[in-house]
Each structure stands twice: as C-alpha cells, then as structure tokens.
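Understanding the architecture of this molecule
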Amino acid sequence: MSEIPAKATESEDPSGGARSQAAEAGLAPGDAMWQSSPPGSIYDYIRVASFSINPGGLVDQWSLRAEQLFGIPAERAVGMDPIEAFVDSDLRERGQRKMAEILDGREWTGVVPFRMPDEPDGSRGEEGLAEVYVMPTRTAEGEKAAVCIVVDVRTLRSIETDLAASQAIFGQSPFGFLLIDADLRVRRANMRFASIFGGSPDDHRGKGVHDYLARGEADRVSATLRRVLESGDSITDMHVTGYVPGSDERRHWSVNLYRVHSGSGRPIGIAWLGTDITARRAAAREAAAARRNLALLNEAGARIGNSLDLETTARELLDVVVPGFCDLATVDLYQGLLAGDEAPPGLADGSAELRRVAFASAVSDAPLTGTGDGAEVGAVHHFPFNSPYADALRTARPQHVPAEDGGLVQSTLAVPMVAHDTVVGLARFSRTKGSEPFGDRDRDLAVELAARAAVCIDNARLYRREHERALILQRSLLPPGDPEASGLDIACRYLPGNAATEVGGDWFDVIELPGHRTALVVGDVMGRGLRAAVAMGELRTAVRTLALLDLEPAEVLSALDEIARGLGTPGGVQQATRAARQPRDADLSEVYLATCVYAVYDSVTRRCTFANAGHLPPVLVEPGEAALMLDVPPGMPLGVGGEPFEEVEVELPEGALLALYTDGLVESRDHPLDEGLQAFVGALTDPSRPLEDVCDHVLSTLDTHHGEDDIALLMARVQGLPAESVGDWTLPREPRSVGRAREYARAQLVAWDLEPLVDTTELLVSELVTNALRYGEGEIRLRLLLDRTLVCEVWDSGLVQPRRRRARDTDEGGRGLQLVGLLSAAWGSRRTPRGKTVWFELPLPGGEHGLTDPAEALLSLF
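Chains are numbered independently. Their residues run from 1 in the order of the written sequence. Per-residue local features are limited, in this predicted model, to residues with pLDDT of at least 70; the limit for side-chain atom pairs, both in listing and counting, is 80 or more; totals at the level of whole chains, interfaces and linings are taken over all residues. Side-chain measures were taken over the full set of non-hydrogen atoms in the model, leaving aside hydrogen atoms and water.

**Here we look at the sheet that holds strand S2 (residues 59-62)**
Paired through backbone hydrogen bonds, the strands of a sheet run either parallel or antiparallel to each other. Applicable threshold: Only strands that DSSP links by at least two bridges are regarded as paired with each other. Under the DSSP-based scheme used, a helix requires at least four consecutive residues in state H or I and a strand at least two consecutive residues in state E, with every element numbered from the N terminus. In this analysis, axes come from line fits to C-alpha atoms, helices being fitted only over the stretch in contact, and the angle between any two N-to-C directions falls in the range 0 to 180 degrees.
Spatially, S2-S1-S5-S4-S3 is the arrangement adopted by the 5 strands of the open sheet, whose pairing is antiparallel. Unpaired on one side and paired on the other, S2 and strand S3 (108-115) mark the two borders of the sheet. Pairs of neighbouring strands in the sheet enclose a mean axial angle of 30°, with direction left out of account.

**Quick look at the nonpolar core**
How we decide: Put simply, buried Ala, Val, Leu, Ile, Met, Phe, Trp, Tyr and Cys residues joined by side-chain atoms within 4.5 Å make one nonpolar core. Note on exposure labels: buried denotes an accessible area under 20% of the residue type's maximum, exposed denotes more than 50%, and partly exposed covers the range between, all computed with a 1.4 Å probe on protein chains only. The contact criterion used throughout is that any non-hydrogen atoms of two residues lie within 4.5 Å.
Counting 59 residues, the largest nonpolar core has Trp507, Leu520, Tyr598 and Leu714 as the members making the most contacts within it. Top contributing element to this core by residue count: helix H15 (residues 529-548), with 9 residues. In this view, Leu714 contacts Ile490, Ala491, Cys492, Phe508, Asp509, Val510, Leu520, Val521, Val522, Leu658, Ala659 and Leu660; residues no more than four positions away in its chain are not counted. Judged by nonpolar contacts, the second largest core, of 50 residues, contains Ala314, Val357, Ala414 and Ala446.

**As for the side chain of Ser824**
Operational definition: Pairs of N or O atoms within 3.5 Å make up the polar contacts considered here, provided that, within protein, one atom can donate a hydrogen while the other can accept it, and that residues adjacent in sequence are counted only when both atoms are side-chain atoms.
Residue position: Ser824 is located in the loop between helix H22 (816-823) and strand S30 (826-832). Among the polar contacts made by the side chain of Ser824, one reaches the main-chain carbonyl oxygen of Val820 at a distance of 2.6 Å. For Ser824, the side chain forms a polar contact with the main-chain oxygen of Ala826, separated by 3.4 Å. In this structure, Ser824 is in contact with Leu764, Phe840, Glu841 and Leu842, ignoring residues within four places of it in sequence.

**Things to note about the sheet that holds strand S21 (residues 607-613)**
Pairing is antiparallel across the open sheet formed by 5 strands, whose spatial order is S18-S19-S20-S21-S24. Strand pairing shows two members of the sheet lacking a second neighbour, strand S18 (506-513) and strand S24 (647-651), which therefore form its edges. When strand polarity is set aside, the average angle formed by the axes of neighbouring strands in this sheet is 15°. Across 8 bridges, the pairing between S18 and strand S19 (residues 517-525) is antiparallel. Note on S19: the bridge partner recorded for Glu512 is Thr518. Against the sheet, H15 touches S18, S19 and strand S20 (594-602), its axis set at about 15° to S18.

**Quick look at the environment of Ala358**
Mapped onto the fold, Ala358 is located in strand S12 (residues 354-361). Relative accessible area serves as the criterion here: at 1%, Ala358 is assigned to the buried category. With 47 residues separating them in the primary sequence, Ala358 and Glu311 have C-alpha atoms 6.8 Å apart.

**Examining helix H13 (residues 388-395)**
How we decide: Each direction from the helix axis to a C-beta atom contributes to the arc, which is the arc of those directions.
Those residues of H13 not exposed but buried are Tyr389, Ala390, Ala392 and Leu393. For H13, the buried positions fall inside an angular range of 155° around the axis, keeping them on one side. Just downstream of H13, Ala396 is the residue with a positive phi angle, here 60°.

**With respect to the side chain of Thr224**
Among the structural elements, Thr224 can be located in helix H9 (residues 215-231). In this structure Thr224 comes out as buried when scored by relative accessible area, which is 5%. Discounting residues that sit within four places of it in the chain, Thr224 has contacts with Ile235, Met238 and Leu257.

**Some thoughts on the environment of Glu131**
Along the polypeptide, Glu131 turns up in strand S4 (residues 127-138). Given a relative accessible area of 31%, Glu131 falls into the partly exposed group. As a C-alpha pair, Glu131 and Thr109 span 22 residues in sequence and 7.4 Å in three-dimensional space. Beyond its immediate stretch of four places on either side in the chain, Glu131 contacts Thr109, Gly110, Val111, Ile149, Val150, Val151, Val153 and Leu156.

**Details of the environment of Ala100**
Within the secondary structure layout, Ala100 lies in helix H6 (residues 92-103). Taking the C-alpha atoms as reference points, Ala100 and Pro55, 45 residues apart in sequence, are found 9.9 Å from one another.

**Describing the packing of helix H10 (residues 278-303) against helix H14 (residues 440-477)**
Quick note on the threshold: Angle categories: roughly parallel below 35 degrees, roughly antiparallel above 145, roughly perpendicular from 65 to 115, and oblique for all the rest. Only Asp, Glu, Lys and Arg are considered charged in this grouping, and only Ala, Val, Leu, Ile, Met, Phe, Trp, Tyr, Cys and Pro are considered nonpolar; every other residue, Gly among them, is considered polar.
Where H10 contacts H14, the axes come no closer than 10 Å and their chain directions differ by 10°. Compared by their axis directions, H10 and H14 come out roughly parallel. For the pair H10 and H14, contact is made by Glu286, Ala289, Ala290, Asn293, Leu296, Leu297, Ala300 and Gly301 and by Arg441, Leu445, Glu448, Leu449 and Arg452, respectively. Taken together, the residues that form the contact of H10 with H14 break down as 7 nonpolar, 2 polar and 4 charged.

**Concerning the pairing of strand S5 (residues 144-152)**
Of all 9 residues making up S5, 8 are buried, and the element is well covered by its neighbours. Of the strand pairs in this sheet, strand S1 (residues 48-53) and S5 are connected by 6 bridges, and their pairing is antiparallel. Along S5, the bridge assignment pairs Val48 with Val151. In terms of strand pairing, S4 meets S5 through 9 bridges, oriented antiparallel. Bridge pairing in S5 places Thr137 opposite Ala145. Counting the residues that bridge the hairpin from S4 to S5 gives 5 residues, and of these Gly142 lies at a positive phi of roughly 90°.

**Observations concerning the packing of aromatic side chains**
Put simply, the rule reads: Aromatic rings from Phe, Tyr and Trp, with only the six-membered ring used for Trp, were paired whenever their centres fell within 6.5 Å, and each pair was classed as stacked if the ring planes differed by under 30 degrees, edge-to-face if by over 60, and tilted otherwise. Geometrically, a charge over a ring is one whose NZ (Lys) or CZ (Arg) sits within 6 Å of the ring centre while staying within 35 degrees of the ring normal.
Per the stated rule, a full pass over the model turns up 13 aromatic pairs. Considering the side-chain rings of Phe70 and Phe86, the 4.9 Å spacing of their centres and the 40° angle between planes classify their relative orientation as tilted. In this pair, Phe70 is assigned in helix H3 (residues 64-70) and Phe86 in helix H5 (residues 82-86), connecting sequence segments 16 residues apart. The same class applies to Phe70 as to Phe86, namely buried. Here the aromatic rings of Phe383 and Tyr389 are separated by 4.9 Å at their centres, their planes lie at 25°, and the arrangement is stacked. A relative accessible area of 4% means that Phe383 is categorised as buried. Accessibility expressed as a relative area gives 5% for Tyr389, which makes it buried. Through pairs of rings, three or more aromatic residues link up here, namely Phe51, Trp62, Phe70 and Phe86. The side chain of Arg394 reaches across the aromatic face of Phe385, ending 4.3 Å from its centre. The ring of Tyr389 has Arg428 lying over it, and the distance from NZ or CZ to the ring centre is 4.6 Å.

**A look at the pairing of strand S7 (residues 186-189)**
Two elements, strand S6 (residues 176-181) and S7, share 3 bridges in a ladder whose sense is antiparallel. Its bridge partner being in S7, Leu178 is matched across the sheet by Ala189. Between the end of S6 and the start of S7, which pair antiparallel, lie 4 residues, with Leu184 showing a positive phi angle near 60°.

**Some words on the confidence of the model for the protein chain**
Definition in use: As a per-residue measure, pLDDT reflects the predictor's confidence and takes values from 0 up to 100.
Looking at the protein chain as a whole, the pLDDT averages 82, with 84% of positions reaching at least 70. Low confidence marks residues 1-39, where pLDDT is under 50. Its contacts with residues over four positions away, or in another chain, come to 31 contacts. Taken as a whole, residues 579-589 scores under 50 in pLDDT and shows 3 contacts with residues more than four places along the chain or in a different chain.

Dropping the structure here:
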C-alpha cells in the first residue's frame, strides 16, 4: 500500500472501504488498515505517491513515493507551494482557487498537468500528467488541511494497455495457456485449455497436474515445474502424454514453460503454454516408419543377391529382416525347383514339398512355438491344404497367421515369394509378444522384401541350372573319368577360366589307336565362354574321327585346319575356301581360330610323333635330367590355312614324363609367357612322384587363379611295352607262310598262357596272311602284342586297303573279313610308310567281354 502521512487524520473513512472489507472477511479493523500488501501487488506496477498540505497551502509531509515520482527529496519539497512548484504559470490562478476550495474542506479529484521544478542548473523541469485525489483533513489544532494522492497517468495508461494486450493474448491464444502459482496450482486457465479438458476456465483454478495426468507422468511434470520455478531456466518442447476427458485416445502435447516474475522481479509462478501434437506425432511416426522401411529396402538391395547360391541368398534375406523387421523368420523353397524341375507337382494348390533353407531368430537359436511347424533347416515338409501357409502359396497373396495360444509369437505374416509370376517358396516373418503387431504397411514391406529375395533366388536357381548344364556340356567335351592308354600312365586337369559358365575353348584328349598306340591331343580355341566351347566340341569330335582313320599327325592337323575354316561359314569348308579368295571385310565374330598339338605314341617302340598347329611346345622330363621344351616346329593356328604342318619324331626313354598344356597355365596379365614357361619347367623337378601329385604341385605352384583363360594340363609317364610282350616275325611270300604264321601264333600264345585264344587267333591269323599273299606285295610281317588286349598285326608292302563286303549266298569267297569282324573285338587297317597293316584285337580271357565261339561265328555266315 502507498504511504499515508503519519500526522494526517481520517475524514469519514480514510481506509477507502478497507474497514468494511475487513469486517466482511472477519478481520479486526486495525488489521485490515495496517496489513502489508503481498509482493506482486498493483503498487509494484503503477506510480502512486502521497503528500500533505498544511493550512497555509504549503507541503507539510512528503512521502518516499513522492520522491520517486517527482524526483524531489523531502527536505526540498517540504514548505513548497505545490501550485507554484508543479503547475504551469497559465494554470496557477485556477489552481489557487482549487486549493482554496480544498482548504475550505472540499474533496477534489481530477487530472492535472504538472511540470517538475526547474533544476538548480536552470534547466526546465519535465512535464507530466497526474491524476490527483485530494482529501481534506484537520490538524491537531483543528485547522483545515489536506492529503493528496497522486498517480502517474502515463504509467497507468501503459498498464491498462498492457493488461488489455495480455488479456487478448491469454484469452484468444490457440494454445492451452495456464498460469501456475508457486504451489504448482492453476491460478488461471484460458478458454482453449478449458475447451480441451472441459468446464469453464474458472473450474480449473486450484487444480494440479495430478488432476490431468497419470501418476507417473504427473510426477515427472511436477518435478520439471518445480525445477523451472527454482532455477528460472525455461523448458522448450517438453513432451507430455495423457488423456482428455471422454476419450480413450492417447494424446501428446508439446509444452513450453517459463518462470513469471512480479514487477519487483520476485518469482510468482510459471507460465504453461501447450499445443496438441498428437497428429504431428502420428505423422512423424508415419514418416519415421517410411524412412525405416526405405532404409530396410535399401539395405535389402545392397545385401540380398550378392551370391548366386540359393541358400546364401535366403540367409541374406533373413539377415536383413531379423531383428530390424521381425523377431523370427524362415524361408521355405519348393523342393522341385531346387531339384531343377521347371514346375514341381502340387504348385497350384500349395501342397508340394518344400525344403527349409534358412531360419533366423532374435530371441533364441531354436524355433519357437507358434511358428506353425518344427521343421529344421534342410528338412523337407509340406503345409496342410487348409492352412494359411498353403493358402498363401496357392493364391500368391500374403496371409496373416493368427497367434497360437501359449506361444511367444503374437503376429505372423506368411508371404509367398513370387518371381516372374512364379511362386518359388514362402517367407514367414513373426513378431513375439511385446513387439508391435504387423500392420498394413508392414505387410506391404514384407511383400516387397520377399519379392526382391524371390527374384534373386530365382536368378540363383537359373544360374544353378545353367551351371549344371554347362558342367554336363564341359564333361561331355572332355574325356570321361581317368583316361587309360597302353604304355602310358595318364593324369589330367581342367580349370575353366569363366567361373560363371565353367565352359571354355581348351580341351585335351587321349585316343587309343590300333597297335597299342595312343594319340595325345591338347588344343585351345581362341575366345571364351559357350561359343568357344561349342567350337572346341566340334574340333574335338573331328580330331577323334580323324584319329580313327589312323592318319599321320601332320595329316590330322591339315584336315583339322580345313574343318576349322569351315566352322564359321554356313556352306562349310568349300564355301570358306571360295570366300577366302574374295576380298571382303573380316567378320571376327565368325572366325574360329585354334591352336593344337597332336602326338602319337607307340608303346612298342616308345617313339612319339608330334605335329604342332601354333601351340606351345611340349615339355619332356627324362629320368635324372632337367625338364626341357621339345623343339617341335610351330605351324600356323587352325583356321588360318595355307601352310603345311611338320612332324617331329622323338624316342622317349622309359619313365620319362611328357607334359602337354594350354597357355592359360603359363600366361596371364601379371606373368608374361616367358616367365610362365620358366616357372612351369621349374615346377617339374621330381617326375618320379605319382602323376596326380605332380599335377597338383604344378597347379599350386603356378598362378592358376587369374580367371583370364582356361587351363588344360595333360601329363603322361612313359611305360613302354616289355619285349616279352611282343612277338614279331617276318614271313616269305610263299603259301607255306600261312601255316608257319599259325605255328608262330600258337607257340607265342602258349608261352603267354593264353590257350583259350589259340584257336580263334590261328583262324584269324590264317585269314589275314592269306589275304596278304593274295592281294598284297612284298614280304609279310606278323606281330603279336600283349597288353590289356591281344593285338595281331599283318604287314605287307601293298597299298590297297582291304574292304569288307557282304558275300552273296552263292559266292564261294568274300567271307574272310566278315569272319574277322565276327570273331574279333575290333579290326581295321592303316597305311604305313612302306605299305599297309591289317590288324585285329581280341579281349583277354576273364575280361568283361567274353570270347566269340568260332563255330557259331562260322554258322552265322550262312
């Protein structure tokens, strides 16, 4: 309250109605008059002052508030004429009349312009406007005096404006506005807050946060309010969660808190400004879920499909979804598709067998109850026809699987894995109790994830199918199993340069020839992949065909060169020859070039004849000697044409090691050809080791994993035919040589303990020697060779090859060669440098192929 001069006496009710208010409140009159105003009262904001006037019209008392308002100390103000001191000269006359009326005992209230007294330095005092309330009083002597109450009008008008603005802001704010006192009770609430929590603004006075929020949330908010009140630190965007009356919807608010002070600066409470952010939180959750799903899809795109293995791809899907999307997941694929079937039985109704290829759990390593079955990884199973899993496979649409009672799983999605309109399997995603159940957005995400994985799995399946086909193709183009040859120990290796197709243009072959001879072939079609493999297959077939004609190595390569030139021409070799004579632009996509080395080894003489068509030289390792490259003249590659091929004959010592190879073994970007050849030769340091070990040592020593070209390696250890396994006789050209040939054959077979073959051998030897006498020239040579089979050869100098024909029933001759074909396992003829050789082969007793009864063979001719 403002100060009242101590010497002033009351008029009728100087308390201004305080006595009546105190009486209504049950207080004593003295208590009401002299009580102290609480901090933060209106007097902290408005400028109120008081002073008294003596009977002479001069200032008698001057309060401290007056000193603050007018800026004049009491010792200066006391004794001043207020009219002369504060009223402008133009208004002094009127002021004097009013002063006289006041001293005459009349009250007066009005707005008076005033001017501060001039400063001691002569400067003019400030002007102002004051509302004055003058009350007449009497002194102790009974003389009339007055007490003046002065209010600064400008300050009052400013407060009125501020109050109006505050009321407008508080009442019209779209946010919930509360004023909370120091006891954390609501002192005032705006209409917006009342419209949310019900009632009128006055109904919320005196309530606390526990009246609006749940206990835990209310305790947290109360602690925050108390901290703001004590520290003065503002709180921005504090999230508060609760419920509004009449609704079960969980609401979210963003609250700003700041401490409120009185005009004197003392804290008096807290301002609460809140806005409903429930919709914004929902939108934020939706946006966060969308970002999370997008991140999950990005992760799936980066992690799924990095391998062309079915099981690995399935595991990659589960690595992405567990635990980021679900707690438990499995992948089942159709067993038929895994086995290579295009459309497995039962695909239409979802009852076909499936194999579990992947399982992942964020809860435990074992499947949980509620997953629908207990199939382990690798197990083959099927779903009941009426189950939601079978329905998902049948309709190719995701299904929500209800949770089983007593299980840990509360929500499961069965999502078919569809690739190229084909269902390849089923992915199941489960969430355990305590996690959020699957929603529509989760279902769409699961479908997208399963579809991406299904495409990758289908690609892996197609790759596996193509890979198996490529392997079948490659195996069909290479010798089956471990090749065997007379007088040779064989070991071979093939490494494809293209890991994706595992087919290429490199090949090797081991071909058995008559007379216990063997053809060794290694070739390389220029190029890679399936096209080179197809060309290699044609050339390999042509080599085997030409080898069976028992041509010389140079002749084989010449014929093979013609075939290679015809591979890229629809009209064949002749069309290619005519086109070669005409100038045209070369179409490299239709040009087939290849290199090849062809060697024929005779196990009787241990001599080997080589011919080379642009290939790398063979490597020979003799016992006790260092490895060396044979000097075989390299001809032009196959397909170039125009140049003859040369032959080189080399005698191979017993136990020698012969190596034929392709350039992929010794050449790569990082290793030049010369360096690779030296490394290869250096790797062949111990030829006495088993050939398989030698091959492994070579491949592990050299750089064979560059993936730039195929690698073919063929190694042979020489094991010549022993002299005791060879019978060789020269017969004069006379009729009695036929009988002598039979005697030689019988004696040799008896010496070899081959009595079961004596009769058949005598018959066939007699037939061949007779033909040599009748149709051949020069002396006759008979040779018997014993190895895995018995071979008989008859040599003569005639060039005419025998030709088998079918004799008519009336013919007396012409059945000799038919008889040879019936009784022998194989027969044929070949040219030699000095004539020809006719031969036949018989299986040894006790072998897989039994002997033909001569009597039955003779009867079958008629």
